[in-house]
Each structure stands twice: as C-alpha cells, then as structure tokens.
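Coordinates in review
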Amino acid sequence: MLLNKIFFCLFLTILILGIGGCKKSNEPPPHNLFENEQLVLQTAKEIVDENISFTSAGFFETDSVKSIIAGVEVSEKNEWGIKFYLISWMEGEFKVKYQTGLLNGSFVQCLVNKIKFSDFDTELIYYNSKSYFLGNAGGDVYSHVIDLKKLKVYSAHLSVISEGRVSLDLSQNIDDAMIKNFFVSYFRRDYPNLRLVERAI
C-alpha cells in the first residue's frame with residue numbers, strides 16, 4: 001500500500017513537470033518586446049554580450065515570427081572585425097541559434113540595418129563600413145548581406161588602390177542575381193570604372 005502511494009506521488013510529480021515543460025516550450029514569444037528597442041538591446045546583452053554595437057528585430061527567419069539580430073565588435077590581439085548573432089525564441093526562451101564567423105568591418109561610422117528584397121520573403125541584414133577604412137590615398141570598403149533564413153553571409157570588398165584603380169571582389173557564394181546586382185550597382189554609383197572580381201573572400 002505504501003509502495004503504491006510512493007509510485008503514485010512520483011508519477012504525479014513527473015506528470016506535473018512534464019506538463020510544465022510542454023507549456024514553456026509552446027509559449028509564444030513576447031511580441032511587445034520586439035517593438036521596444038531598449039528591450040531588444042537588453043535581451044541581446046543578456047544572451048550574447050554586454051558590448052553590443054547593433055541590434056534589430058524583424059522577420060529574419062520566417063515572414064510570421066520575429067527574431068533578434070545582435071552585432072558585436074571584436075578587437076583582440078590576434079583578431080579584429082565584427083560578428084552577428086541570430087537570437088531566436090526556442091523552447092519558451094531566447095537562445096542564440098546562429099552566429100556568423102568573424103567578418104571584416106567595424107561598427108564605427110558604418111551603415112548597418114535590415115533590408116528587404118522583393119524576391120525574398122524574409123528580411124536581411126545589410127552592413128557597409130563606408131569610409132572608415134578609406135584614407136586620402138586609398139583604402140577599403142567592406143560590405144555584407146546576411147540571409148538568416150539560409151544562414152549565409154554574402155560579402156563584397158571594394159579596394160581603392162589609387163585614383164582610377166578600383167576593384168570590387170564578390171564572394172563566390174553569391175547565388176542570387178539580385179544580391180550581386182545590389183552590391184555592384186551600389187558601388188558603381190561612386191566608382192563607375194570599378195573592375196569586378198569574383199572569388200572566395
């Protein structure tokens with residue numbers, strides 16, 4: 001009799017915990033959070049890092065559920081650049097679902113925001129270092145388009161060697177004509193004579 005009571009109590013405890021766990025995993029994300037920039041930033045700091053340089057909420061994975069993108073500047077002895085993190089609502093809480101590798105760039109004086117192409121059903125992240133790496137004699141401009149649905153980073157690197165000598169390197173993984181044309185047309189506005197190169201960058 002006592003043994004049956006113990007088994008019953010154990011079964012009841014496991015059942016309650018199981019129901020509680022299922023309830024948590026089925027909870028929808030707090031949609032009001034996505035509309036508040038301060039809450040989005042705070043969430044990114046709690047999940048990724050205190051030193052967040054950029055955050056944005058949007059439809060990055062699907063056209064019906066929002067998630068958060070966080071950008072972090074990396075400046076250490078052996079490496080420097082930027083990283084982006086995709087923070088998704090999973091199992092009733094926010095978690096890092098994906099992070100890019102270390103990308104060329106800096107969040108100082110840059111242009112970074114979400115963009116929407118007509119051929120894509122989700123939003124993407126666009127980054128451009130602008131004039132931060134450019135000097136009087138030449139320099140570089142780094143640009144990235146990040147597709148969080150496909151978990152891909154498309155990159156372009158503009159090299160200004162001297163006046164009249166400008167080349168644009170595109171990453172070989174660009175498999176969409178709209179993204180390629182976006183990079184080329186953007187840089188051709190300022191450098192109409194640029195030479196186009198496609199290779200792994």
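Refer to the structure presented above.
Thresholds, definitions, all that
Residues numbered from 1 in each chain as written. Predicted model: local features only at pLDDT ≥ 70, side-chain atom pairs only at ≥ 80, totals over all residues. Heavy atoms only, no water. Core = buried A, V, L, I, M, F, W, Y, C linked by side-chain atoms within 4.5 Å. Buried < 20%, exposed > 50% of the residue type's maximum accessible area, 1.4 Å probe, protein only. Helix = DSSP H or I, 4+ residues; strand = E, 2+ residues; numbered from the N terminus. Contact = heavy atoms within 4.5 Å. Polar contact = N/O pair within 3.5 Å; in protein donor to acceptor, adjacent residues only side chain to side chain. Pairing = 2+ DSSP bridges. Axes fitted to C-alpha atoms, helices over the stretch in contact; angles between N-to-C directions. Phe/Tyr/Trp six-rings, centres within 6.5 Å; stacked < 30°, edge-to-face > 60°.

On to the nonpolar core, then. One finds Val145, Leu158, Leu168, Ile179 and Phe183 to be the most contacted residues of the largest nonpolar core, which totals 20 residues. At the level of secondary structure, the elements contributing two or more residues to this core comprise β6 (124-128), β7 (139-147), β8 (152-162), β9 (165-170) and α4 (177-190). Excluding residues that lie within four positions of it along the chain, leucine 168 makes contacts with Ala156, His157, Leu158, Phe183, Val184, Phe187, Leu194, Arg195, Leu196 and Val197. In this structure, Phe60, Cys110, Ile125 and Leu148 belong to the second largest nonpolar core, which totals 16 residues.

Let's shift gears to the environment of lysine 95. Examined against the element boundaries, lysine 95 turns out to sit in strand β4 (residues 93-99). For lysine 95, a relative accessible area of 27% gives the class partly exposed. One polar contact links lysine 95 to glutamate 91, side chain to side chain, over a distance of 2.9 Å.

Our next topic: the sheet that holds strand β3 (residues 80-90). A sheet is described by the order of its strands in space; here 4 strands give the open sequence β1-β2-β3-β4, paired in antiparallel fashion. The sheet terminates laterally at β1 (52-58) and β4, the two strands that pair on one side only. On average, each strand axis in the sheet is inclined to that of its neighbour by 25°, with strand direction left out of account. Sheet analysis places β1 next to strand β2 (residues 67-75), joined by 6 bridges and oriented antiparallel. Across the sheet, the residue bridging to glycine 58 is serine 67, located in β2. Helix-sheet contacts for helix α3 (residues 37-47) involve β1, β2, β3 and β4, and the interaxial angle to β1 is about 120°.

To continue, consider the packing of aromatic side chains. A full pass over the atoms with the stated rule returns 14 aromatic pairs. Ring centres of tyrosine 126 and phenylalanine 182 lie 5.0 Å apart, and the angle between their planes is 85°; this geometry places the pair in the edge-to-face category. In this pair, tyrosine 126 is assigned in strand β6 and phenylalanine 182 in helix α4, connecting sequence segments 56 residues apart. Between tyrosine 126 and tyrosine 186, the aromatic rings sit 6.2 Å apart at their centres with planes inclined by 65°, giving edge-to-face as the arrangement. Taken together, the positions of tyrosine 126 in strand β6 and tyrosine 186 in helix α4 put the pair 60 residues apart, joining distant regions of the chain. What links up through ring pairs into an aromatic cluster is the set Phe117, Phe120, Tyr126, Phe182, Phe183, Tyr186 and Phe187.

Everything listed here is a matter of geometry and, on its own, says nothing about what the molecule does.
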